[in-house]
Amino acid sequence: MATKKRKSYLAFTIIALVLITAVVAGVFLFQARRTPPGPQVASTSKPGAQPPHVRGDPDAPVTLEEFGDFECLPCFLLWPALRNLEHDFGQKLAVIFRHNPLPQHHFAVSAALASEAAGLQGRFWEMHDMLYLQRSAWVRAADPRGEFDAFAQQLGLDVVRFDKDMGGEEVATRLAADRERAGALGLDRTPAVFINGRRAELQSDVEKGLREDIEAALRGKDR
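None of these values were measured; they are calculated from a predicted model.

A. Representation of the pattern of salt bridges within the structure. A complete count under the given rule lists 13 salt bridges for this structure. Arg-211 serves as the salt-bridge partner of Asp-88, at 2.9 Å between the closest nitrogen and oxygen. Taken together, the positions of Asp-88 in helix H2 (residues 73–89) and Arg-211 in helix H9 (residues 206–218) put the pair 123 residues apart, joining distant regions of the chain. Of the charged contacts in the structure, one is a salt bridge between Arg-161 and Asp-165, with a shortest N-O distance of 3.1 Å.

Next comes the structure, spelled out in C-alpha cells:
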C-alpha cells in the first residue's frame, strides 16, 4: 500500500514539475516576444552614452552607427549621403550618432557639447544637422560659441540654459561615454560606420557603398 502511495506521489510530483516548467517557459517566451530587439550595434564593454541618439525606428532591422566629428570634412561629406539613405530606407533603417571628436580639430569638442546641450532640450538632431549645414561659418570663427548660440536661438532653444548645459556635467558625461566606446572599438579616425555591428568599408562613392551594405543586411547576408 505504501509503495502504491509513493508511486502516486512520485507521478504527481513529475506532472507538477512538467506543468511548472511549461508555465515558466511560456512566460519567458511571451516576454521574449514582447521585448523589442533594439538596435544591433558592435559588441564592446563600453556602450556609449545612454540612451543613444537614434534617428528612425530603434527596432529597425538595420542599425547604422556612425562615429563622427562635426569639424571633420569627410563627416560633413557623409552627412547628406546618410540623409538620403534615411529617406530611402525609412523604417527599415535606424541611425545612431556617436561623438568621436579628434584632437587636431580645435572646435570639435565644443560642437559636440553644443549638440548634446541641444539634446537636453529635445533638439539634438536639429543641432546635429545645423552644425553640418553651417559648418563653414563656425569652423572659421575665432570663437564658435557665438555661432552656437545663434543656432540655438534659430532652433527655438532656451539659450541661457543651452549655454549652462554646454558646460554641465550631464553633457560632459555623455561625450565621455561615446569617446570611451570609440576607444574600445579602436577607432582613431572619423567617420567610422558600423552596420548591424560590423564595420563598413567606406568607398569613394560612400552613399552607393553603404546602400549596398544596408541592402545586404536586409537580405541577411554578410558582406
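B. Inspection of the packing of aromatic side chains at higher detail. Enumeration over the complete set of coordinates arrives at eight aromatic pairs. Between Phe-97 and Phe-124, the aromatic rings sit 6.1 Å apart at their centres with planes inclined by 45 degrees, giving tilted as the arrangement. Linking Phe-97 in strand S3 (residues 93–99) with Phe-124 in helix H4 (residues 124–133), this pair joins segments that are 27 residues apart in sequence. For the pair Phe-97 and Phe-124, one class covers both residues: buried. Note on Phe-148 and Phe-151: the rings are 6.4 Å apart at their centroids and 50 degrees apart in plane angle, and the pair reads as tilted. Linking Phe-148 with Phe-151, this pair stays in helix H6 (residues 145–154), spanning three residues, or about one helical turn.

C. Summary view of the confidence of the model for the protein chain. On average, the protein chain scores 86 in pLDDT, and the residues at 70 or more come to 80%. Here residues 12–36 is modelled with pLDDT under 50, and outside its nearest four sequence neighbours on either side it reaches one contact, counting other chains as well.

D. The nonpolar core, seen in detail. Met-127, Phe-148, Phe-162 and Leu-210 are the most contacted members of the largest nonpolar core, which has 43 residues in total. At seven residues, H2 tops the list of elements feeding residues into this core. In contact with Leu-210, not counting residues within four places along its chain, are Leu-78, Leu-82, Leu-85, Val-193, Ile-195, Ala-200 and Leu-202. Membership of the second largest hydrophobic core comes to six residues, among which are Ala-42, Ala-182, Leu-187 and Ala-192.

E. Here's a closer look at the environment of Leu-218. Within the secondary structure, Leu-218 sits in helix H9. A relative accessible area of 33% means that Leu-218 is categorised as partly exposed. For the pair Leu-218 and Ala-60, spaced 158 residues apart in sequence, the C-alpha to C-alpha distance is 10.0 Å. With sequence-adjacent residues up to four places away left out, Leu-218 is seen in contact with Pro-61, Val-62, Phe-89 and Lys-92.

F. Molecular detail of the sheet that holds strand S2 (residues 62–68). Across the sheet, five strands lie side by side as S1-S3-S2-S4-S5; this open sheet has mixed pairing. The sheet is open, and its two borders are formed by strand S1 (53–55) and strand S5 (198–199), each paired with just one other strand. Bridge count for S2 against S3 is seven bridges, and the pairing is parallel. What sits directly across from Val-62, in S3, is Leu-93.

G. Here's a closer look at the packing of helix H3 (residues 108–119) against H4. H4 packs onto H3 with a crossing angle of 150 degrees between their chain directions and a minimal axis gap of 7 Å. As summarised for this structure, H3 and H4 are arranged roughly antiparallel, according to the angle between their axes. Across the interface between the two elements, Ala-111, Ala-114, Ser-115, Glu-116, Ala-118 and Gly-119 from H3 touch Phe-124, Met-127 and Leu-131 from H4. The residue inventory of the contact of H3 with H4, partitioned by class, reads six nonpolar, two polar and one charged.

H. Expanded view of the pairing of S2. Judged by how many residues are buried, S2 sits mostly within the fold: seven of seven residues are covered. Of the two faces of S2, the one holding Val-62, Leu-64, Glu-66 and Gly-68 and the one holding Thr-63, Glu-65 and Phe-67 are both buried throughout. Between the parallel pair S2 and S3, the chain is carried across by H2, and the sense of this crossover is right-handed. Two strands pair when backbone bridges link them, and S2 and strand S4 (residues 192–195) are joined in this way by four bridges, in the antiparallel orientation. When the bridges of S4 are listed, Phe-67 appears paired with Ala-192.

How each quantity is defined
Residues numbered from 1 in each chain as written. Predicted model: local features only at pLDDT ≥ 70, side-chain atom pairs only at ≥ 80, totals over all residues. Heavy atoms only, no water. Salt bridge = Lys/Arg side-chain N within 4 Å of Asp/Glu carboxyl O. Helix = DSSP H or I, 4+ residues; strand = E, 2+ residues; numbered from the N terminus. Phe/Tyr/Trp six-rings, centres within 6.5 Å; stacked < 30°, edge-to-face > 60°. Buried < 20%, exposed > 50% of the residue type's maximum accessible area, 1.4 Å probe, protein only. pLDDT = per-residue confidence, 0-100. Contact = heavy atoms within 4.5 Å. Core = buried A, V, L, I, M, F, W, Y, C linked by side-chain atoms within 4.5 Å. Pairing = 2+ DSSP bridges. Axes fitted to C-alpha atoms, helices over the stretch in contact; angles between N-to-C directions. Parallel < 35°, antiparallel > 145°, perpendicular 65-115°, else oblique. Nonpolar A, V, L, I, M, F, W, Y, C, P; charged D, E, K, R; others polar. Right-handed = clockwise from strand over helix to strand, strands pointing away.

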